Structure formats: structure tokens, C-alpha cells
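Observations on chain architecture
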Amino acid sequence: DGHYALVIRYATTYEPVLAGVEVDGAYPDSSTRIMRLPPTTGWGYEEDHWRDGVLGGGDGGELSFCLTKGRHVISLLSLKHTCNIDWVALIPLAP
């Protein structure tokens with residue numbers, strides 16, 4: 001079991017991109033229902049178009065959630081506008 005932050009590398013010119021995160025088909029808490037992704041400088045054709053960031057929860061803080069040991073399905077939902085995603089990572093947080 002552990003507490004994790006969700007980090008993505010993305011590119012978009014839309015403002016705002018709204019996204020949500022589900023774990024095993026449900027929102028872990030209300031902060032994962034709607035998150036804002038700020039625009040970058042392009043769609044990823046150039047290296048400086050990309051932004052790495054810890055996703056922020058709806059309360060303005062960094063998004064984090066607990067996962068039990070075992071397999072899980074984590075879904076990043078596009079709620080308004082789109083973005084290109086290069087990678088997604090789970091970063092373990094200190095207990």
C-alpha cells in the first residue's frame with residue numbers, strides 16, 4: 001500500500017484543458033474529478049512544447065491518492081479540450 005502523486009508530460013495550446021482521473025473506474029476523491037492543465041507553447045513538435053507536471057487537484061493542491069498492493073486501472077479522462085501525452089508516471093510519496 002502507498003500514497004502516490006500522478007505526473008504527466010503533455011503538450012497543448014488549448015486553455016484550459018480539463019481532465020479527470022479515475023482509479024479502478026471511480027474517482028478516488030473529489031479533487032480528481034476536474035483538474036486544469038495550463039497550456040504549453042505547442043503540440044509537441046518541438047522539445048520546448050512539452051511540460052512535465054504533477055497534476056493538481058480541484059482544491060489547488062497536488063493530486064495524490066492511496067493505492068493498495070496489486071493491479072489497478074488508472075484512467076486520465078479528457079473533459080474539455082485535448083492534449084498530447086508523452087508519458088504518465090506514479091511517484092511514491094513519503095508516508
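Here's what I pulled together on the structure shown here. (Residues numbered from 1 in each chain as written. Predicted model: local features only at pLDDT ≥ 70, side-chain atom pairs only at ≥ 80, totals over all residues. Heavy atoms only, no water.)

Turning to the packing of aromatic side chains, a few remarks are in order. The full count for this structure, using the stated rule, is one aromatic pair. With centroids separated by 5.3 Å and ring planes inclined at 80°, the aromatic side chains of tyrosine 14 and tryptophan 43 adopt a geometry described as edge-to-face. Taken together, the residues tyrosine 14 in the loop between strand S1 (2-11) and strand S2 (17-23) and tryptophan 43 in the loop between strand S3 (35-37) and strand S4 (51-54) connect sequence positions 29 residues apart. (Phe/Tyr/Trp six-rings, centres within 6.5 Å; stacked < 30°, edge-to-face > 60°. Helix = DSSP H or I, 4+ residues; strand = E, 2+ residues; numbered from the N terminus.)

Bringing a nonpolar patch on the surface into the picture now. A surface patch of nonpolar side chains, amounting to about 220 Å² of accessible area, comprises Leu76, Ile85 and Val88. The residue leucine 76 is located in strand S6 (residues 74-80) in this model. (Patch = residues over 30% accessible without salt bridge, like charges linked within 9 Å, V, L, I, M, F, W, Y side chains within 5 Å. Areas by Shrake-Rupley, 256 points an atom, 1.4 Å probe, with all protein chains shown as cover. Salt bridge = Lys/Arg side-chain N within 4 Å of Asp/Glu carboxyl O.)

Looking now at the nonpolar core. With 13 residues, the main nonpolar core has Leu6, Val21, Met35, Leu37, Leu55, Leu63 and Phe65 as its most contacted residues. Contributions of two or more residues to this core are made by S1, S2, S3 and strand S5 (64-67). If we ignore the near neighbours within four places in the chain, the residues touching leucine 37 are Ile8, Tyr10, Pro16, Val17, Ala19, Leu55 and Cys83. (Core = buried A, V, L, I, M, F, W, Y, C linked by side-chain atoms within 4.5 Å. Buried < 20%, exposed > 50% of the residue type's maximum accessible area, 1.4 Å probe, protein only. Contact = heavy atoms within 4.5 Å.)

Looking now at the pattern of salt bridges. Enumeration over the complete set of coordinates arrives at three salt bridges. Across the pair arginine 9 and glutamate 47 runs a salt bridge, and its minimum N-O distance is 2.4 Å. Placement of the pair is arginine 9 in strand S1 and glutamate 47 in the loop between S3 and S4, with a sequence separation of 38 residues. For aspartate 86, the salt bridge goes to arginine 9, with nearest N and O atoms at 3.3 Å. Taken as a pair, aspartate 86 in strand S7 (residues 84-92) and arginine 9 in strand S1 lie far apart in primary sequence, 77 residues in all. Under the relative-accessibility criterion, arginine 9 is labelled buried at 12%. Among the charged side chains, a salt-bridge network with shared partners connects Arg9, Glu47, Asp52 and Asp86.

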